[in-house]
Amino acid sequence: MAEVSAQDAIAAPARPAKAPVWRLRAGPANAVPIILFLLIGFAAPLAAVIGYSVMPPRTFSLWQAPTLDNYESVFNSTSYISFLWSLGLAAVTVLLLALICYPVAYGLTRVFGRWATLLTLLFTIPLFVSENVRLYGWILFFIKNGVLLGTLKSWFGVELESWLFTEGIIVLGMVYVYLPFMLFPMTLGVSMVPTETRDAAFDLGATRWQVFKEVDLPLSMPGIIIGFLLSFVLAVGAIAEAKVLGGQQVIPITHDIEIAFTYAQNWPLGSALAVLLMLVVGALVLLVLRRFDLDIILGRR
Amino acid sequence: MSPAERSQRWRAALLWAWALSVVVFMYLPAVCLLLASSTSSRYFIFPITRWGFDWWQKTFDSIQIHELFKTSISIALLVTVIAVTIAFFGALAFARYDWKGRSLYQKIVLLPIFFPQSVLGLALLLWFNALGLPLSWKTAVFAHLVWIVPVVTLVISIQVYSFDPALEEAAFDLGATRWQVMKEVTLPVLFPGIFSGCLFAFLLSWGNFPLSLFTTGADTTVPEYLYAKMVAGYTPGVPVLGTVSTITAAILLLGGYGLIVLRRRARLK
């Protein structure tokens with residue numbers, strides 16, 4: 001003990017320099033539980049999918065001679081149509097979301113003041129109600145004799161065909177479900193634009209459009225891109241919208257995967273499809289995330 | 001009023017109108033569910049001719065529904081406790097400490113959020129099968145955690161970013177032990193983040209469908225039951241339960257937020 005205190009006395013001015021050493025070790029130590037958990041809960045299941053995708057078709061065990069049969073039958077099938085539907089619907093959804101959300105994100109940061117928190121909460125609440133239930137609400141709205149058509153009929157005597165089970169309704173459902181996933185990152189992005197920079201641009205005679213193009217857009221880009229990425233990835237994985245609202249007129253890739261797992265009882269084929277979907281999504285996410293410093297977006301400047 | 005001011009007003013009014021229409025858009029389905037739940041007839045025909053709450057009565061008297069609630073609540077509570085514990089430390093590593101590999105770690109943690117949940121559910125099903133685990137509500141807890149732990153980590157991290165590490169160091173300098181620092185400084189300061197983390201964990205688990213679908217086995221959660229009923233044909237029990245879910249989420253969130261605001265005010269006094 002005496003030795004330690006003597007050392008401390010000599011090294012007293014060096015105390016602040018000691019702190020970073022301790023910090024360096026505390027960081028990884030705190031990360032251990034979550035990393036272990038993600039290893040068994042996320043990495044291992046994905047490995048299992050990859051493993052199943054190279055098993056012989058219609059088998060249920062992981063310990064057989066690997067084969068590429070499943071990939072071959074995927075490439076020889078019409079699954080690419082489902083892939084294109086998924087990607088196309090997701091792309092349209094994301095573009096619509098960007099147009100819908102930007103004015104709201106701008107308002108939340110600059111115009112609505114103390115009401116912004118309440119509005120944010122209102123946008124959060126639907127996130128916690130199961131997607132199916134909320135889409136079911138849209139069915140009640142659009143169905144024949146439902147809220148929309150029933151009102152039109154009894155008040156104006158207009159009788160229309162229901163719009164359910166069309167591509168348009170699927171897009172509506174997807175825009176509706178994924179709206180918060182675009183809105184919140186976008187709001188974070190817009191709030192990253194310093195008011196001073198905008199004021200300076202205005203003082204220098206920039207027009208409103210110029211400020212938007214040269215200041216607002218580039219400076220809020222990180223948040224906007226995260227919003228695009230998040231909503232696109234989730235929309236590519238969407239399944240409920242096409243099933244519930246689309247009446248299975250359109251079969252997205254996730255539906256193909258589910259069919260392979262349930263009705264067809266062909267786990268290896270479903271796994272091969274899932275691996276291909278994972279590749280598309282994973283490549284996109286890694287490509288985009290690699291370019292970002294999350295500290296800047298999430299709060300530490 | 002100068003022309004510039006007037007155009008400013010106009011712009012604000014337009015933004016308000018737009019934002020409020022988006023709010024209406026977000027709540028339109030909930031309103032439809034509420035309407036459909038408050039009719040006495042077996043089928044939903046709008047405008048409603050026979051108003052009544054008999055279906056609420058019937059739904060709440062059903063023993064099957066009680067079982068569903070019990071399963072869903074058990075899953076959500078367990079998920080909340082485990083997720084918040086893991087995520088609390090995860091968030092410290094995410095935002096509090098500077099360490100080599102942190103930037104990579106942040107991206108790994110976010111990866112499950114950026115992943116289609118239905119595919120994740122299937123992957124977990126394959127994994128449980130490979131391990132030979134029987135499916136039940138317990139495997140569903142694990143499945144929910146895979147997606148919810150990263151979300152809660154993110155939620156708590158946002159609070160941790162505004163945390164001043166000097167507070168902890170000051171406590172250490174004053175002779176506090178590591179445990180005391182945790183109990184007296186770190187936890188109270190980060191409380192709002194942890195509290196929102198709990199709310200998120202509970203509600204996201206409560207409302208989750210894609211992960212439960214593949215991992216609950218013979219047990220059934222409320223969203224699964226609702227989906228089965230929707231596919232099988234209309235019953236007014238669906239809108240009743242849907243409305244209950246929406247109102248529960250609203251009360252928990254608005255109430256929770258209210259609590260945080262009250263606590264902050266009490267502190268400032």
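In this text, all values refer to a predicted model and were calculated from it rather than measured experimentally.

> Help me out: how do you make sense of the overall build of chain A in this one?
Within chain A one finds 14 helices and 0 strands. When the helices and strands of chain A are listed from N to C terminus, the series reads α-α-α-α-α-α-α-α-α-α-α-α-α-α. Scaling as 2.2 N^0.38, a compact globule of 301 residues should have a C-alpha radius of gyration of about 19 Å, whereas chain A reaches 26 Å, well beyond that. Expressed as lengths along the three principal axes of its C-alpha atoms, the size of chain A is roughly 90 × 65 × 35 Å. At a minimum sequence separation of 6, the contacts of chain A that also span at least 24 residues come to 71%.

> I would appreciate a short explanation of the environment of alanine 266 of chain B in the present structure.
All names here are of chain B. Looking at the secondary structure, you find alanine 266 in helix α11 (residues 237–268). Residue classification places alanine 266 among the exposed positions, given that 8 C-beta atoms sit within 10 Å. Each C-alpha atom of the pair alanine 266 and tyrosine 234 lies 49 Å from the other, and the pair is 32 residues apart in sequence.

> Honestly, the environment of valine 281 of chain A in this entry has me stumped. Any pointers?
Looking at the secondary structure, you find valine 281 of chain A in helix α13 (residues 267–289). Separated by 48 residues in the primary sequence, valine 281 of chain A and valine 233 of chain A place their C-alpha atoms 6.2 Å from one another. Valine 281 of chain A has contacts with Val233 and Val236 of chain A together with Phe115 and Pro116 of chain B, leaving out every residue within four places of it along the chain.

> What exactly am I supposed to notice about the interface of chain A and chain B here?
One widely used convention gives an interface's size as the accessible area the parts lose upon coming together. Taken residue by residue, the interface counts 78 residues in chain A and 75 residues in chain B. Ranked by the residues each element gives to the side of chain A that touches chain B, the list is headed by helix α2 (residues 15–53) of chain A, at 20 residues.

> Help me understand the confidence of the model for chain A in this model?
Low pLDDT means the predicted atomic positions in that stretch should not be read closely. Residue and element names in this part refer to chain A. Overall, the prediction assigns chain A a mean pLDDT of 84, with 91% of residues at 70 or greater. No element of chain A has a lower mean pLDDT than helix α1 (residues 2–10), which averages 44, and none a higher one than helix α4 (residues 79–110), which averages 93. Confidence over residues 1–18 falls short of pLDDT 50; this stretch has 0 contacts with residues more than four positions distant or in other chains.

> Is there a simple way to think about the packing of helix α10 (residues 222–232) of chain B against α11 of chain B in this case?
To characterise two packed helices, one gives the angle between the axes of the helices and the distance between these axes. All names here are of chain B. Taken N-terminus to C-terminus, the directions of α10 and α11 make an angle of 150 degrees; their axes are 10 Å apart at the nearest point. In terms of orientation, α10 and α11 fall into the roughly antiparallel class. In the packing of α10 onto α11, the handedness of the crossing is left-handed. Of the residues in α11, those in contact with Val222, Leu226, Lys229 and Met230 of α10 are Gly237, Val238, Leu241 and Gly242. Split into classes, the residues belonging to the contact of α10 with α11 amount to 5 nonpolar, 2 polar and 1 charged.

> Whenever I open this one, the packing of α4 of chain A against helix α12 (residues 253–261) of chain A confuses me. Can you help?
Residue and element names in this part refer to chain A. Viewed as axis vectors pointing N to C, α4 and α12 meet at an angle of 135 degrees, and their least axial separation amounts to 7 Å. In this view, α4 runs oblique relative to α12, as classed from their interaxial angle. Along its contact with α4, which presents Ser79, Ser82, Phe83 and Ser86, the element α12 presents Ile253, Thr254 and Asp256. Looking at the contact of α4 with α12 residue by residue, the classes come out as 2 nonpolar, 4 polar and 1 charged.

Cut-offs and rules
Residues numbered from 1 in each chain as written. Chains lettered and ligands numbered in written order. Predicted model: local features only at pLDDT ≥ 70, side-chain atom pairs only at ≥ 80, totals over all residues. Helix = DSSP H or I, 4+ residues; strand = E, 2+ residues; numbered from the N terminus. Rg over C-alpha atoms; globule rule 2.2 N^0.38 Å. Contact = placed C-beta atoms within 7 Å. Buried ≥ 20, exposed ≤ 12 C-beta atoms within 10 Å, placed from the backbone. pLDDT = per-residue confidence, 0-100. Axes fitted to C-alpha atoms, helices over the stretch in contact; angles between N-to-C directions. Parallel < 35°, antiparallel > 145°, perpendicular 65-115°, else oblique. Left-handed = near helix turned anticlockwise from the far one by under 90°. Nonpolar A, V, L, I, M, F, W, Y, C, P; charged D, E, K, R; others polar.

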